[in-house]
Amino acid sequence: MTEPSLLAAHVPLEKDAFDRFLKTIAPVFAEPAASIIVDRSEDWLILRYLKSEAAAFLAFIYNWGDTGEEIMARPYFDAFLKIADFMPEGASGRLLISAGAMNFLTDPIDAAFTLTKKGGARRDDDGLDEDEKKRFDALLNKYMFGSRPYEQPYQEAIGRSTVLDARIRRRVRTLIETRRREIARERLPQATLLRPVRLFEGFHYNGHFTTHYDTGRLWPLPGFDAFTAEQTSWGAKDARHAVVGRRLIETDPASFRAIPTEPEMERCLYRDDRQVYTPTGEVISGADPESFEYVGGGYARDKRRWYTIEGTVLDDVGKEGHVDTRLYYTRDALLIGERAVYLGGKPLPVDPGSVEVVRLERVRQRGMREHSLGWLVDRDGALIIHDVISAFKEPEWQRTDDPEALWDALKEADEKALLPPLTRELYEFEAICPKDDPDPAQLQLIAEFGAGWFARNTEAFLAERPFDDRFWWLMVKYFYACWTLGRGDDIVELYERVAADAWWNPYVFHHAACAYVAAGDLQSALKAVYLALACGYDRIDDMLVDQDLSPLFSREEFQRLKAFREANKQVRRPFLPLVALQSLATRAFDDGAMSLIWSLTNRFFIPDRAALENCLPDQETRNLYRQLLLQVADDLVRAQWDGTDEIRLDKRFYRRIRDIEGLSPAVHLAGALFLFSEGFFWVDMKRDDNEERGEFVEAVEALGRMRQALAENPAAAEDALWMDLSTHAFVAPFVALADAGGHRDAHRDRPDRGQ
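Residues numbered from 1 in each chain as written. Predicted model: local features only at pLDDT ≥ 70, side-chain atom pairs only at ≥ 80, totals over all residues. Heavy atoms only, no water.

Draft legend 1. The arrangement of the overall build of the protein chain in detail. If you tally the helices and strands in the protein chain, you get 24 helices and 29 strands. The 755 residues of the protein chain split such that 52% are buried. Sequence-distant contacts, at least 24 apart, represent 59% of the contacts inside the protein chain between residues at least 6 apart. (Helix = DSSP H or I, 4+ residues; strand = E, 2+ residues; numbered from the N terminus. Buried < 20%, exposed > 50% of the residue type's maximum accessible area, 1.4 Å probe, protein only. Contact = heavy atoms within 4.5 Å.)

Draft legend 2. Geometry of helix 4 (residues 130-143). Here helix 4 contains 14 residues, and its C-alpha end-to-end distance of 20 Å stays within 8% of the 20 Å for a straight helix at 1.5 Å per residue. Every buried residue of helix 4 is listed here: E132, K133, F136, D137, L139, L140 and Y143. Down the axis, helix 4 shows its buried residues gathered within 160 degrees of arc, on one side only. Exposed and oriented more than 90 degrees from the buried face of helix 4 are D131 and K142. (Expected span 1.5 Å × (residues − 1). Arc of directions from axis to C-beta.)

Draft legend 3. Highlighting the packing of helix 9 (residues 440-464) against helix 10 (residues 469-484). Axis separation between helix 9 and helix 10 bottoms out at 9 Å; the angle between their running directions is 140 degrees. By the angle between their axes, helix 9 is oblique relative to helix 10. Pair helix 9 / helix 10 crosses with left-handed handedness. Contacts between helix 9 and helix 10 involve L443, I446, A447, G450, A451, W453, F454, T458, F461 and L462 from the first element and F471, W472, L474, M475, K477, Y478, Y480, A481, C482 and T484 from the second. Broken down by class, the residue content of the contact of helix 9 with helix 10 amounts to 16 nonpolar, three polar and one charged. (Axes fitted to C-alpha atoms, helices over the stretch in contact; angles between N-to-C directions. Parallel < 35°, antiparallel > 145°, perpendicular 65-115°, else oblique. Left-handed = near helix turned anticlockwise from the far one by under 90°. Nonpolar A, V, L, I, M, F, W, Y, C, P; charged D, E, K, R; others polar.)

Draft legend 4. A look at a negative patch on the surface. A cluster of acidic residues, D401, D402, D408 and E412, forms a negative patch at the surface. Here D401 lies in the loop between strand 29 (396-400) and helix 7 (403-417). A relative accessible area of 85% places D401 in the exposed class. (Patch = residues over 30% accessible without salt bridge, like charges linked within 9 Å, V, L, I, M, F, W, Y side chains within 5 Å. Areas by Shrake-Rupley, 256 points an atom, 1.4 Å probe, with all protein chains shown as cover. Salt bridge = Lys/Arg side-chain N within 4 Å of Asp/Glu carboxyl O. Lys, Arg positive; Asp, Glu negative; His and termini not counted. Charge placed at Lys NZ, Arg CZ, Asp CG, Glu CD.)

Draft legend 5. Molecular detail of the pairing of strand 23 (residues 334-337). The alternating pattern of strand 23 places L334 and I336 on one face and L335 and G337 on the opposite face, and all of these are buried. Sheet topology places strand 22 (residues 321-324) next to strand 23; four bridges connect them, and they run antiparallel. If you follow H322 over to strand 23, its bridge partner there is I336. As judged from the three bridges shared by strand 23 and strand 24 (residues 341-343), these two strands associate in the antiparallel manner. If you follow L335 over to strand 24, its bridge partner there is Y342. Between the end of strand 23 and the start of strand 24, which pair antiparallel, lie three residues. (Pairing = 2+ DSSP bridges.)

Draft legend 6. Here's a closer look at the packing of aromatic side chains. Under the definition given, this model contains 36 aromatic pairs. Arranged with centres 5.2 Å apart and planes meeting at 40 degrees, the rings of F454 and Y478 form a pair that is tilted. Of this pair, F454 sits in helix 9 while Y478 is found in helix 10, placing the two residues 24 residues apart along the sequence. For Y478, a relative accessible area of 4% corresponds to the buried category. Both rings, one in F680 and one in F696, keep their centres 5.0 Å apart while their planes meet at 55 degrees; by these two values the pair is tilted. With F680 in helix 21 (residues 665-686) and F696 in helix 22 (residues 694-712), this pair connects stretches of sequence that are 16 residues apart. Like F680, the residue F696 is buried in the burial classification. Of the aromatic side chains, those joined through ring pairs into one cluster are F429, F449, W453, F454, F461, F471, W472, Y478 and F479. The ring of W407 has R359 sitting right over it, with the charged end atom 4.9 Å from the ring centre. Sitting above the plane of the Y427 ring, R470 keeps its charged end 4.8 Å from the centroid. (Phe/Tyr/Trp six-rings, centres within 6.5 Å; stacked < 30°, edge-to-face > 60°. Lys NZ or Arg CZ within 6 Å of the ring centre and 35° of its normal.)

Draft legend 7. Fine view of the confidence of the model for the protein chain. With 87% of its residues at a pLDDT of at least 70, the protein chain reaches an overall mean of 85. Scored below 50 in pLDDT, residues 147-162 makes 46 contacts in the model with residues more than four places away or belonging to other chains. Predicted confidence is poor over residues 746-755, with pLDDT under 50, and the contacts of this stretch with residues over four places away or in other chains come to 28 contacts. (pLDDT = per-residue confidence, 0-100.)

Draft legend 8. Structural context of the pattern of salt bridges. Summed over the entire model, instances satisfying the criterion amount to 43 salt bridges. Linking E557 and R555 is a salt bridge whose minimum nitrogen-to-oxygen distance equals 3.8 Å. A residue is classified by how much of its surface remains accessible, and E557, at 28% relative accessible area, is partly exposed. One continuous salt-bridge network, built from bridges that share partners, spans R94, E132 and R135.

Shown next as structure tokens:
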């Protein structure tokens, strides 16, 4: 389960009794509250006295989906039950456990207890009525959702009285500060690349510099002082800096604050006592931090002017203005000011004094593409706004004498054009394919429609989306329809256009082999059987006894293939076939390179140096295979860097190829960064940095191989990719680690200081 679980209690209690209860259980709850902050878990702890009701409300939310029985086994459950000892005589309270957690009115209650002073906790699932559910739900809304945890993280919200009692808050802060001082004094001087120290969730010190790991990405923070590091709701700070995302900002950390925006934006503005900063940490020129406020829709203002969230200054809006966010929340949000009107930060050619909004519409289609339409009118007439989100072009607008007709025309055109052309083609074909086995009429429709569809789209898919699973599965459905209807020639015609890339879906080979046999071309049929076997066709055993292929059964080549399959039935993944490498080597990869690597590594055995020597038949084939593998690895890294400013290579893929002679320094560096990231992921996941993780050992070795590759091929240092990498702020510090003497150990010039 992934849904959160909730333990909540509402108990009548006098204030002095609640204070005594807190004193008793404070040590039990301060520790998990501190852990929630340090580990940035999505758990939530609430301990509040409700003065108006003379009652206490307690809640603990776990983001692990524990069952009621599992929650009752936790130490916090016993601590919750102790509150019954402090209740007045004759009073009763309620304690609920829910594996759904967030809505008492709709999610099931796993267990309910009645609490009394003499009787303690008594299981009473049947005694829960709708009024009690509503009371619990209202309290949860007020103290959990009312604290706006998604806008201001628990790390910040926990400091307010609406969440935790002051007694617990003080103890939590003491625990966190004590932990920080102990780490600075005892752990940081011993930190090395192989044994980095976890400062708190996502931040680690490796003896050379601090790193920030977040959702698979790793950024170095040279200049950040781990010895004075403290966790914040926005990231981290030291004595002189604040960390926002991957940027280190020199500031007064004591005055640095986040300015929340809409929750769905998942980003904040920031300010200190001197300046205001964008969500990525750039200074917003001229912004007054004292009066600066976020208004909405990607717009903010201070006492002098307006701004966009990206930091663009809007001098001509005027003092007064309002934001309309009914269209897309930033790109198409309207700011209507005294002297100017803006759409997503771009000025509109309308008169601000007379402009009125007639109609706004936002539509989302399949594929997460959206369009926005707006109809404004001013003294000069109507203006229609038109924007197709994700169309990689700016919003458009135009004046018209017939706004209704233009509106309808644009809306109709958008409904056809919102999806990218190839995606729209997929939907059209999929719409005629039944979920169950097709009947004869449906087979005829698929065959006839598919003939035109593949004639129209095959070249485009092979050029732009050669590894689109939906494209290949539609081909399999089309081949099945053609075979059933006796149209084997249509299968052969299309197969010969796609054969070089058909390894992506080996089902294609089965249909092609049958069609070739029917046409009397047994040699081509044998090749298709070989490719199905080589490319890991998961129904190869059925294929080898398929009676439609019976003319092949007596041939020696077929018997050899069958014997090979029999001898290798236990092999989970086939050797990455040469045909796949040849196909990949002709492709220009995009920023989806990481997912492609993941797919290759899951499907195929990627050979190391020994496998290349032992499994390929001759030196010429080995040399060709090695050169193609080196090219594909290098191309994947280049595509990833060009598309995302990231350089990582899946650890399983890198582990297989790392000892192959001739790998570029960039490939070794990509492997090192992925291994470092993986190590930090597990350190944070286990919340334990006491064991030496193998990923760090492998990452350091990869840096050594990177340096060796540069030494063996000095020309590699002149490669444009390497020159960019070795000087880039997010990568260069890791490159420098390989230059440091004894790079396995902590930096010899590291300051020896503690707090």
